[in-house]
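Listed below, chain by chain, are the residues.
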Amino acid sequence: MCTVCGCSKGNVKIEGRAPGGVKFPYRSHHAHAHEHDHSHDHDHDQHHAHPAAATVAEHQPALSQQAGGAALHYGQGAAHAHAPGLSQARMVKIEQDILSKNDGYAAQNRQWLRDRGIFALNLVSSPGSGKTSLLAETIRQLGHDTLVYVVEGDQQTSNDAERIRAAGAPAIQINTGKGCHLDAHMVGQALEQLNPADDSLLLIENVGNLVCPAAFDLGEAHKVAILSVTEGEDKPLKYPDMFAAADVMLLTKIDLLRHLDFDVDVCIANARRVNPKIKVLQLSSKSGDGMDLWIDWLLLEMNDAQLVKQREVARLRQQIAALEQQLQERS
Amino acid sequence: MHEMSLAEGIVQLLEDQAKAQDFSRVKQVWLSIGELAGVEAEALEFCLDVVSRDTLADGARFHFVRQPGTGWCLACSQSVAIHARFDACPLCGKHQVQVTGGDEMRVSELEVE
């Protein structure tokens, strides 16, 4: 493990095994295994000690004639640069979204799922809100007629995946190691292994964390924020990014309401303050209250996803027919 | 602490751009971070320092350009300034404001060689 940042290569594990491919090729300080596309033959000790001017002087001896170091200051823009002809410093405007890499993988996942008529949800919540229990009960209630697949994200252990398998659905565990969220690349790799059937339901249980998973699109149809009534009514205000990113809020453990001072209306009003369009369902996986509405909603959305696939298939068939028609006319 | 992932994303983005635009060192980076993006600039700066070591951005200076949060108030039908996602409209006091800007995280400009 890297003692500086705590991260380490191979920390991410899918079903206990390191996934194939290099996810962080730029993490050269861990492995020193990849080739740089720039020359990098400096002395490492000096390099670490002098992050700024001295490094450049070593990289480009020609510049060292300017000496004094002052002329090599990073704080000065290209316009103030060194002797003409010696430096190729230039400004590049890129305007790229920082999450564009993740969003690219997410778009691939979304297309992959769409092509197969699979309806995918990204379930997010604090630890202990009852995500896994809800999933297990959902799988039981959907029964054998509905194919459900589960991707489980946790920092460590495969306990949750085992609970889901016991409930009767194929599941794959992603251990994020030090990571605080799932990203689209991990989910894409998990999908390859899990290989969910066409027209099925995919439930992705994110790492229990109401902060980080908000920023990472996995390719799901909707983020579903799960809030149990044993938490505070003001949680949507405390963690607004998550409730803003979610399309649906599930208020769970409502069988406990009679023991608590939890005000459901205030909680829903708080969620709507952050996200006026959020859909709210109240349920208890233990008593079964409200589960029917949740199951109905799932089946309805799955049906929509299947229709999208069927329409696309029909459209492609029409295209093929039209092309064959053209071909016949020519021959 | 997803700032670490964001920092990794930024360095990866720089590596990709280096191939596409043919440069080998990044000296300065201007990041455009919205007020509502949920990112702590200080934490991100710390992570960037760690993640960029021994990469093409080793020692690069990162500048943070904070973008103000803006929203569209459904009640007033106009654009208003907000500082948090759940802020009430500063004009009418109602909570019917939809975020329209200030939630972006972008790498906007680089000085490279």
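Residues numbered from 1 in each chain as written. Chains lettered and ligands numbered in written order. Predicted model: local features only at pLDDT ≥ 70, side-chain atom pairs only at ≥ 80, totals over all residues. Heavy atoms only, no water.

## With respect to the UniProt feature "binding site: Zn(2+)" (unreviewed entry) in chain B
Residues and elements named next belong to chain B. As annotated in UniProt, the feature "binding site: Zn(2+)" (unreviewed entry) corresponds to Cys73, Cys76, Cys89 and Cys92 in the numbering used here. Look at the named residues: they lie 20 residues apart in sequence, but the longest C-alpha span between them is just 8.8 Å, so in the fold they bunch up. Looking at the secondary structure, you find Cys76 in the loop between strand E3 (70–73) and strand E4 (78–81). Here Cys76 is in contact with Cys89, Leu91 and Cys92, once residues within four sequence places are set aside. Within the fold, Cys92 resides in the loop between E4 and strand E5 (97–101). (UniProt positions renumbered as here; feature names shortened; annotations may be inferred. Helix = DSSP H or I, 4+ residues; strand = E, 2+ residues; numbered from the N terminus. Contact = heavy atoms within 4.5 Å.)

## Observations concerning the environment of Ala7(B)
Residues and elements named next belong to chain B. Along the chain, the position of Ala7 falls in helix H1 (residues 3–21). For Ala7, a relative accessible area of 0% corresponds to the buried category. As a C-alpha pair, Ala7 and Ser52 span 45 residues in sequence and 8.2 Å in three-dimensional space. Contact partners of Ala7, with chain neighbours within four places excluded, come to Leu44, Cys47, Leu48 and Val51. (Buried < 20%, exposed > 50% of the residue type's maximum accessible area, 1.4 Å probe, protein only.)

## Describing the UniProt feature "binding site: Ni(2+)" (unreviewed entry) in chain B
Per the UniProt entry, the sites bearing "binding site: Ni(2+)" (unreviewed entry) are His2(B) in this numbering. Within the secondary structure, His2(B) sits in the segment before H1.

## What to know about helix H7 (residues 159–167) of chain A
All names here are of chain A. All of the buried residues in H7 are Asp160, Ala161, Ile164 and Ala167. Projected onto a plane normal to the axis of H7, the buried residues spread over an arc of 115° and lie on a single side. Those residues of H7 hidden inside the fold are in contact with helix H6 (131–142), strand E4 (148–154), strand E5 (171–175) and strand E6 (201–205). Just past H7, the residue Gly168 takes up positive phi, approximately 110°. (Arc of directions from axis to C-beta.)

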